[in-house]
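# Fold and geometry: a report
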Amino acid sequence: MLLNHVSMSFRSIIKNKLYSVINIAGLAVGLAVSILIILFVSHETSFDSTVADHDRVYRLNWESKSSGSRFATFFNPLSPVIADAFPNDVEMVTRITLSERLLNIGENKQYQTISFVDPNFFSMFPYEFYAGDPATALSNLNGAIITQAAADVLFPDELAIGKTITLDGQHDFQITAIISNNKSNSHQISNIFVNMEMLPTVWNDPDIWQRNFSDQLYHYIKLAPNVSADVFAANAHTYISENINQEFGESISFIAQPLSDIHFTTELQNEMSVRDTVTGLSKPARQRSDINIFGFVAILTLVIATFNFINMQIAQSSNRIKEVGVRKVLGANRSQIAAQFIIESTVMSIIALIASLVIVEMFAPFFGTMLGVPLVADQIYSLGFISGLLLVSILVGILSGLYPALFVSGILPAKAIRSRVFEGVGSAKLRAGLVILQFSIAIGLLSATGIVNRQIDFALNKPLGYEPENVITVRLNNDEARDAYNIMHDQLLANPEITAVSRGSVIPTRDLSDGSTYLKEDEGPDFKINTRRVGVSDGYFDSLGMQFAAGRALSEDFLGDVLPSISPDNATVSGGIVLNETAAKQAGWTNANDALGQQIYSVFSFGGTDYRMNLNIVGVVEDAHYSSVRSEPASLSFLMTGGGNNMVIKASDGNLDKATQLVDQVWQQHVPSYPIRRTFLEEDYASFYAVEGRVFRMFIGFAGLAAMIACIGLYGLASFIADRRTKEIGIRKVLGASVLDIVMMLSWELSKLVIIANIIAWPAAWILMNDWLTGFSYRIEMTIMPYLLAGVVAFILAYATTSIRAWAAARINPIYSLKNE
Amino acid sequence: MLKLQDLTKAYRTDEVETVALNNVNIEIEHGEFVAIMGPSGCGKSTLLNIIGMLDTPTSGHYFFQDEDVAGYSEAQLGVIRKQHIGFIFQSFNLIDELSVAENIELALLYHDIPASERKERVAAVMDKVGIAHRAKHMPSQLSGGQQQRVAVARAVVGNQSMILADEPTGNLDTAHGQEVMEMLQQLNEEGTTIVMVTHSPSHADYARRTINLLDGHVVTESMRA
């Protein structure tokens, strides 16, 4: 009997080709979109979950109590100290730090990120060893472990193991092991690992383990089961304060950051780079709310597609009353008819599931590229995922078969055979309700789309506070380059193509440096101005096109501007300072002009010496977005230290190419030992936002698809209504209604459902989007426009869809519809 | 009022051509009451549909008030139809979701008549056919005879000069059938042209002229004395 039902289902599906294709396609696309989004969401939420006992692994952060800034790094030597002090709480501690070095392989020179790790790093993080022994690979201090990807890049077509790489032209390391690549859902991006004990040598920093409060490393700690991370962090902090440094300890706090939070924390200072430079894969941290929105869209799309499917199935069943009547006359009982409907829609939904898997297979790589995430459809083919999908489709099948099964099967055979269409109990209301819900969701998604789009445009196009156009940046990443800065500066500026050359410790799109706290001369020690400090040279503001709200830029023309380097012999220094608007406001000068000429100072103690910097405010510069436009512009202070590892070159309009050539030539001439590391600020800026922009464009595409699926359901409902009202349409036409009158009447009847849907969708979308927008410091003001637009778009779509069906119904000559029964 | 000249209607399917009306010549004067009779499949309904401009002839001429409408488009026919012709069907064809008054008013909706005037005319016509006390009822609450009276009211509320009735008494018992025929007769006496298809010779007797059709031909025309 079951087999008979199934084979009948296939026949019925084939018989109603157009309808079946529309209905299966709608559900298949809906399912495919949901699966693709779920793949993306599960990829993002699975970050670092392959680490063994990942729920017990934490990264140590510290937070400055004065500025509130939180740092992803922790103090170089302190985690082993903590581990020794709490042997029962700590199972393992491991550290890593990344630094870009010049790498020589034979004659070949290239910059690569080298990671210095404790050897037990590979016990904590799950790398697979393809060659070499995990236990001994780094026991020789000159051993290096590289990933397969690095091996392919560094030693193409050669066996990498045993080969030598040279760092900075002087430190030789031998490849002792090849390991698996970083997983796409791991926050780790390192490809070349050497022993942490080489750090003092390679960095030429013998004191690195003596500086208790220097934070250059990332520290991972695995706690014993049932140890509370918060309690542990507090205990560790107390221990460090009491045993290492009371005063410093009091100005900071410790935080144990769960491993699974790293990918979702966007506001940490000193955060590890998210770009794997060897594979080119970028793994930007996400806002949890963004991921939630995507998950929400997946669910809503599935809901729309399901409603749609149910709606179409009911519509179809109403056309099969006669068939039901005949079956009943021939002896079918009610449950057999019901089973027939349920099995038929289940067969259809399973076909849709199979079709959706094909769609996912086809589009996963494309979606992956768009989202900047390697999406693999393979994830689907796990027992859990497949059975989940199967369950959903069977459920959808049963649900959509249930209504016709319950009502159509109960109809009296005599009535069934006579009637052309079924006017079921509440059928029209149920279906109208489904359409309203479907469209509420579609309109909600469309208006959210409009808001997302406007916000992203707004964020990307808002004034940055600096001009990235025609700016070349060069890293002064070695002493040779730093020593040659002055001569390069003069030589470059001699060319008319170059309008400004300067140097700074920080430039936009790169991480901000440590904080500096200043006090006001006329206030007590409790009034603090917390800023991030940027060391600059003459011309810094010019070359970045930063505008002044008051006063002037720091300049060598003013002797008092230059800040001498501070040292135990010269413990009190004075110089000029520029604040940005945010910093000036923080200090209480709401009018930038009020800050000019004010004196502020900063004091700190180190190694028994009290240091003091006296600073004269010479200018207030407009706020500039150094980091993401999502966050508030940081409070910044600029000091003329003359140092900094970034050279900033501004070319005149149209001369960027020429200027670039000049920069390369001058570098070649003065820094022959090192290849140049040069970028264009405009490109850095664009790549900073590219992923974010793309992810949201994708969101827009998904929402559009959902709206389209909703229209399929509306077409189904229009068909149903047109069939049901065939007679009425005939009467109206006989009474003088034109085709247009009929089309307008039918379309309006459905379109008014869309208007009701608007009333439901708007407040819901408003609340959700308002919540999403709070994640942006620079956000658009919410207006009614996106909602109106979404409503109008949905209305037009709905009107057009129903008009197509209504047109066909209205064209029927009434002599056919009014024929005597 | 109307004149059919050499009118032919043929239906073509893939293989067979069926001639429903063959060289029909009929003239109907203003104010006439004409009955069309004949066995099933003789072309009665086709003839009525063509006269009612719901269908178009394959060849020949159809002069309606001296205008040859045979070649008119559907839209053009629709305009003439709604001004001049009212329909009454065997199965009433009232809209189940609308009340009696609304069903009648429907015929005025497509005539650009202001709402107040529509209400007046609907009330007047309901009085005339004796259905005013049922104005707020739904069709399903009425007897067949009452439903057909509503249909008659709907057919004339727009001041149509001609009523086409397709077996108006076919679904009614004798008493109700009689009632409806008397109403049609009264309308005819007030000047409305009536063309009625019927199987019932006694109802055909209400008409002054009877046209008998067979296989698409007019076989006899008889005038009541």
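Structure first, text after, so check above.
These lines cover the structure that appears in this document, whether it is placed above or below.

## Structural notes on the overall build of chain B
- From N to C terminus, chain B includes 7 helices and 10 strands.
- Against the globule reference of 17 Å for 225 residues, chain B gives a C-alpha radius of gyration of 17 Å, in line with a compact fold.
- Overall size of chain B, expressed as C-alpha extent along the three principal axes, is 50 × 35 × 35 Å.
- When each of the 225 residues of chain B is scored for burial, the buried share is 55%.
- If you take every contact in chain B between residues at least 6 apart in sequence, the share linking residues at least 24 apart comes to 69%.

## Regarding the sheet that holds strand 13 (residues 498-504) of chain A
Residue and element names in this part refer to chain A.
- Across the sheet, which stays open at both edges, the 4 strands sit in the order 13-21-12-22 with antiparallel pairing between neighbours. Each edge of the open sheet carries a strand with a single partner, namely strand 13 and strand 22 (678-680). On average, each strand axis in the sheet is tilted by 20° relative to the strand beside it, whichever way the strands run.
- Its contacts with the sheet place helix 16 (residues 485-493) against strand 13 and strand 21 (646-651), and it is angled at close to 165° to strand 13.
- Of the strands in this sheet, strand 12 (471-475), strand 13, strand 21 and strand 22 touch helix 20 (residues 656-670), which is tilted by about 20° from strand 12.

## A look at the interface of chain A and chain B
- Listed as interface residues are 17 residues of chain A and, on the opposing side, 22 residues of chain B.
- Summed over the shared surface of chain A and chain B, the number is 1 salt bridge.
- Measuring nitrogen to oxygen at the nearest pair gives 3.2 Å for the salt bridge that ties A:K733 to B:E74.
- Contributing elements (two or more residues each) for the side of chain A that touches chain B: helix 22 (726-734), helix 23 (739-773) and helix 25 (814-817) of chain A.
- For the side of chain A that touches chain B, the element with the most residues is helix 22 of chain A, which contributes 6 residues.
- Residue classes in the side of chain A that touches chain B are distributed as 8 nonpolar, 3 polar and 6 charged.

## Considering the packing of aromatic side chains
- Taken as a whole, this structure holds 29 aromatic pairs over all chains when the rule is applied.
- Ring geometry for A:F86 against A:F232: centres 5.9 Å apart, planes inclined by 75°, an arrangement best described as edge-to-face. Of this pair, A:F86 sits in the loop between helix 3 (78-85) and strand 3 (90-105) while A:F232 sits in helix 7 (residues 229-243), placing them 146 residues apart in sequence.
- Take A:F86: its relative accessible area is 17%, and that puts it in the buried class.
- By relative accessible area, A:F232 is classed as buried at 2%.
- Summarising the aromatic geometry, the rings of B:Y62 and B:F64 are spaced 6.3 Å apart at their centres and angled 90° between planes, so their arrangement reads as edge-to-face. No difference in accessibility class separates B:Y62 from B:F64, as the two residues are buried.
- Following the ring pairs from residue to residue traces out a cluster consisting of A:F121, A:F122, A:F125, A:Y127, A:F129, A:F193 and A:Y220.
- Seen from the ring of A:Y485, A:R503 lies directly overhead, with NZ or CZ sitting 5.0 Å from the centre.

Cut-offs used in this document
- Residues numbered from 1 in each chain as written.
- Chains lettered and ligands numbered in written order.
- Predicted model: local features only at pLDDT ≥ 70, side-chain atom pairs only at ≥ 80, totals over all residues.
- Heavy atoms only, no water.
- Helix = DSSP H or I, 4+ residues; strand = E, 2+ residues; numbered from the N terminus.
- Rg over C-alpha atoms; globule rule 2.2 N^0.38 Å.
- Buried < 20%, exposed > 50% of the residue type's maximum accessible area, 1.4 Å probe, protein only.
- Contact = heavy atoms within 4.5 Å.
- Pairing = 2+ DSSP bridges.
- Axes fitted to C-alpha atoms, helices over the stretch in contact; angles between N-to-C directions.
- Salt bridge = Lys/Arg side-chain N within 4 Å of Asp/Glu carboxyl O.
- Nonpolar A, V, L, I, M, F, W, Y, C, P; charged D, E, K, R; others polar.
- Phe/Tyr/Trp six-rings, centres within 6.5 Å; stacked < 30°, edge-to-face > 60°.
- Lys NZ or Arg CZ within 6 Å of the ring centre and 35° of its normal.

This is a description of form; function is not addressed.
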